[in-house]
Amino acid sequence: MSRLGRRALAVAGGLLLQKVWPEPPDRWHPVGWFGCAMHRVETLGYADDRSAGARYALAGVAIGGVAGGTVRSTTLAVAVCAAGRELRRAAGQVETPLLTGDLAEARLALPSLVGRNPSHLDASGIAAAVVESLAENSVDAVVAPALWGLVAGAPGVTVHRAINTMDAMVGHRNDRYESFGWAAARLDDAANWVPARLFALLVMTAAPTRAGAVRASVRRDAHLHPSPNSGVAEAAVAAALGRELGGPLQYGERHEDRPRLGDGPRPEAADIARARRLTSRTEWALVAALVLLWWVDHRLGRVLVRASDSRRSTDRLLRGRVDLPAPTPAVVVCAADHGVAWCPVRHRA
């Protein structure tokens with residue numbers, strides 16, 4: 001197998017492992033350790049300018065790279081850094097009280113998924129927030145770790161998780177982080193650009209009857225979103241569910257009037273379960289694609305090995321190093337690089 005095939009199988013194994021591996025407590029989670037380290041870096045080096053933020057981001061990338069080089073196992077790195085199961089579990093914790101009409105409890109659970117102010121949200125607003133979070137974070141927590149693991153192994157996974165964590169910590173548009181968090185936010189946009197588009201393709205695979213609507217929604221609505229990646233993910237999920245996402249929202253004291261994504265009614269509590277099933281299917285589709293890539297690589301490798309062995313045998317024949325029993329004809333037809341040639345062969349007793 002080539003390195004690509006081995007990594008594809010390792011990433012698929014990591015995604016499967018995170019489905020069954022219990023999530024460690026925050027105090028023992030490597031991502032939590034990284035967050036504590038970066039909080040210390042911020043305390044020591046904060047300044048209200050982009051250059052300080054760039055140094056902060058560079059330090060985080062370096063820590064992530066060292067961690068991946070230390071771990072070395074792509075499977076283990078993906079299992080630790082991917083969080084599809086945990087994401088859907090957190091969504092379920094909001095869904096349960098929302099289905100029973102307990103808005104107060106649902107609002108208390110919502111901050112584990114989103115950063116917006118839940119105090120003014122009604123049931124539909126809470127459901128929309130959960131669905132949007134499932135879409136956006138499926139890119140960050142599932143597709144991107146898998147892709148970067150495929151490209152760069154364990155260091156690719158851990159560097160991406162470092163970038164994504166820094167964006168969650170400082171990539172906010174407020175007085176403190178507008179300049180300082182700029183570098184981390186732009187790195188996160190770059191690291192998730194391809195994974196977001198890949199997620200839209202996976203959504204089309206997971207909801208084939210809505211593939212046309214997903215494609216149309218992404219092309220029409222995604223660019224209206226302030227994030228180049230969240231808009232793609234949210235537009236794809238909105239179309240797959242036949243619901244409308246986006247609209248006004250509140251982040252602390254900051255109000256945003258987001259564009260509407262998709263067509264249809266606003267989400268309801270029951271749509272959270274539909275979104276959870278959809279994102280689960282996209283994850284399984286990703287695992288299947290990785291296994292298929294490994295299989296193709298494995299089969300292609302065997303074909304190339306056989307071709308190489310055949311070529312070496314032909315070369316030995318042409319150099320007269322193969323004993324041919326009599327009465328072998330004095331000439332054989334051999335395939336040359338640029339056509340067919342008649343090659344004399346010496347008989348040996």
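All values reported here derive from a predicted model rather than from experimental measurement. (Residues numbered from 1 in each chain as written. Predicted model: local features only at pLDDT ≥ 70, side-chain atom pairs only at ≥ 80, totals over all residues. Heavy atoms only, no water.)

**A few points about the overall build of the protein chain**
Along the protein chain, the regular secondary structure elements total 12 helices and 4 strands. For the protein chain, the proportion of its 349 residues judged to be buried stands at 46%. In the protein chain, the share of contacts with a sequence separation of at least 24, taken over all contacts with a separation of at least 6, comes to 67%. With the model as given, the accessible surface of the protein chain reaches about 17800 Å², and the carbon-plus-sulfur share is 60%. (Helix = DSSP H or I, 4+ residues; strand = E, 2+ residues; numbered from the N terminus. Buried < 20%, exposed > 50% of the residue type's maximum accessible area, 1.4 Å probe, protein only. Contact = heavy atoms within 4.5 Å. Areas by Shrake-Rupley, 256 points an atom, 1.4 Å probe, with all protein chains shown as cover.)

**Remarks on the packing of aromatic side chains**
Evaluated as defined, the whole model comprises 3 aromatic pairs. Ring geometry for Tyr56 versus Phe180: centroids 5.1 Å apart, planes at 50°, classification tilted. One end of the pair, Tyr56, is in helix H3 (residues 50–71); the other, Phe180, is in the loop between helix H7 (123–170) and helix H8 (182–191), with 124 residues separating them in the sequence. The class for Tyr56 is buried, based on a relative accessible area of 2%. Pairwise contacts between aromatic rings join Tyr46, Tyr56, Tyr177 and Phe180 into one cluster. The ring of Trp182 carries Arg50 above its face, with NZ or CZ at 4.3 Å from the centroid. Here the guanidinium or amino end of Arg176 rests over the ring plane of Tyr46, the centre of that ring lying 3.9 Å away. (Phe/Tyr/Trp six-rings, centres within 6.5 Å; stacked < 30°, edge-to-face > 60°. Lys NZ or Arg CZ within 6 Å of the ring centre and 35° of its normal.)

**A word on the packing of helix H2 (residues 30–45) against H7**
Axis separation between H2 and H7 bottoms out at 10 Å; the angle between their running directions is 55°. As judged from the angle between their axes, H2 and H7 are oblique. Relative to H7, the crossing made by H2 is right-handed. Here Val31, Phe34, Gly35, Met38, His39 and Glu42 of H2 lie close against H7, whose contacting residues are Arg161, Ala162, Thr165, Met166, Met169 and Val170. Considering only residue class, the contact of H2 with H7 consists of 7 nonpolar, 3 polar and 2 charged. (Axes fitted to C-alpha atoms, helices over the stretch in contact; angles between N-to-C directions. Parallel < 35°, antiparallel > 145°, perpendicular 65-115°, else oblique. Left-handed = near helix turned anticlockwise from the far one by under 90°. Nonpolar A, V, L, I, M, F, W, Y, C, P; charged D, E, K, R; others polar.)

**Brief notes about unusual backbone geometry**
Backbone geometry at Arg72 places phi at a positive 70°, although glycine is not the residue there. Tracing the chain through its elements places Arg72 in the loop between H3 and helix H4 (74–81). Relative accessible area serves as the criterion here: at 70%, Arg72 is assigned to the exposed category.

**Some words on the confidence of the model for the protein chain**
Of the residues in the protein chain, 83% have a pLDDT of 70 or more, and the chain-wide mean is 87. Least confident of the elements in the protein chain is strand E4 (residues 339–344), whose mean pLDDT is 42; most confident is helix H9 (residues 193–206), at 97. Low pLDDT (under 50) marks residues 328–349, which in the prediction has 33 contacts with non-local residues, meaning those over four places away or in another chain. (pLDDT = per-residue confidence, 0-100.)

**Description of a nonpolar patch on the surface**
On the surface, Leu17, Val20, Trp21, Val71 and Leu76 cluster together into a nonpolar patch covering about 410 Å² of accessible area. In this structure, Trp21 sits in the loop between helix H1 (3–20) and H2. (Patch = residues over 30% accessible without salt bridge, like charges linked within 9 Å, V, L, I, M, F, W, Y side chains within 5 Å. Salt bridge = Lys/Arg side-chain N within 4 Å of Asp/Glu carboxyl O.)

**A word on the environment of Gly156**
As for its position among the elements, Gly156 is in helix H7. When the C-alpha atoms of Gly156 and Gly68 are compared, they prove to be 7.3 Å apart, with 88 residues separating the residues in sequence.

**Focus on H3**
Its 22 residues place the ends of H3 31 Å apart at the C-alpha level, agreeing with the 32 Å of an ideal helix rising 1.5 Å per residue. Listed in full, the buried residues belonging to H3 are Ala52, Gly53, Tyr56, Ala57, Gly60, Gly64 and Gly68. Across the axial projection of H3, the buried residues extend over an arc of 150°, all falling on one side. Among the exposed residues of H3, those oriented more than 90 degrees off its buried face are Arg55, Leu58, Val66 and Thr70. Arg72 occupies a position one or two residues after H3 and carries a positive phi of about 70°. (Expected span 1.5 Å × (residues − 1). Arc of directions from axis to C-beta.)

**A few points about the pattern of salt bridges**
One pass over the structure, following the stated rule, counts 12 salt bridges. The salt bridge partner of Arg276 is Glu95, with a shortest N-O separation of 2.8 Å. With a gap of 181 residues between them, Arg276 in helix H12 (residues 270–318) and Glu95 in helix H5 (residues 84–99) connect regions that are remote in the sequence. On the accessibility criterion, Glu95 (7% relative accessible area) is buried. Arg260 is the salt-bridge partner of Glu244, the closest N and O atoms lying 3.3 Å from each other. On the criterion of sequence distance, the pair formed by Glu244 in the loop between helix H11 (230–241) and strand E1 (245–251) and Arg260 in strand E2 (residues 254–261) is long-range, its members being 16 residues apart. By relative accessible area, Arg260 is classed as partly exposed at 43%.

**Describing the packing of H3 against H8**
One can describe the packing of H3 onto H8 by two numbers: an axis separation of 7 Å at closest approach and a directional angle of 50°. By the angle between their axes, H3 is oblique relative to H8. Counted together, Arg50, Gly53, Ala54, Ala57 and Val61 of H3 and Trp182, Ala183, Ala184 and Leu187 of H8 form the full contact between these two elements. Considered class by class, the residues forming the contact of H3 with H8 number 7 nonpolar, 1 polar and 1 charged.

**Quick look at the side chain of Asp140**
Within the secondary structure, Asp140 sits in helix H7. No salt bridge forms around the buried Asp140; measuring N to O, its nearest opposite-charge neighbour Arg161 is 6.6 Å away. (Lys, Arg positive; Asp, Glu negative; His and termini not counted.)

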